[in-house]
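Residue-level structural notes
If you want the building blocks of each chain, they are given just below.
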Amino acid sequence: MDAGERARVLAELAGGRSLAQVLDGGAAVVDALPVRDLLEALPWVDAIHAGQLMHELGIAERRTVGELSERQRGRLRQLFGPPAVA
């Protein structure tokens, strides 16, 4: 995995890009990322909350994004999709 691409994706999440956009982007670098790293890159998710969320969604600690089931991806999209437009 290219460390520069990984850092770019995580920085985009930290900068406000939605997790749903990243999941739907189809980049191979995203599939290789651990789910925990992806969640912790979000500005409002810390290590404790990432672990709790993964447990609630039935995501194993060492799971990568590419190993998620469609149900798990769908739940993450629901929880961290783009904000609703008023």
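In this report, we go over the structure that sits alongside the text. (Residues numbered from 1 in each chain as written. Predicted model: local features only at pLDDT ≥ 70, side-chain atom pairs only at ≥ 80, totals over all residues. Heavy atoms only, no water.)

1. Brief notes about the environment of R63
Rules: Helical segments are the DSSP runs of H or I of at least four residues, strand segments are the runs of E of at least two, and each set is numbered from the N terminus. Any residue under 20% of the maximum accessible area for its type is buried, any over 50% is exposed, and the rest in between are partly exposed; the area is computed with a 1.4 Å probe on protein chains only. When checking whether two residues touch, look at their non-hydrogen atoms; a contact exists if any pair is within 4.5 Å.
Tracing the backbone through its elements, the reader meets R63 in the loop between α5 (47–57) and α6 (70–80). We classify R63 as partly exposed; its relative accessible area is 31%. Linking R63 and A32, residues 31 residues apart in sequence, is a C-alpha distance of 9.4 Å. In this structure R63 touches P34, V35 and L68, once residues within four positions along its chain are discounted.

2. Points about the side chain of R73
Rules: What qualifies as a polar contact is a pair of N or O atoms within 3.5 Å, subject to a donor-acceptor requirement within protein and to the restriction that residues adjacent in sequence count only when both atoms come from side chains.
Relative to the helices and strands, R73 is located in helix α6. Given the relative accessible area of 10%, R73 is considered buried. Within the structure, the side chain of R73 is placed 3.0 Å from the backbone oxygen of V65, a separation counted as a polar contact.

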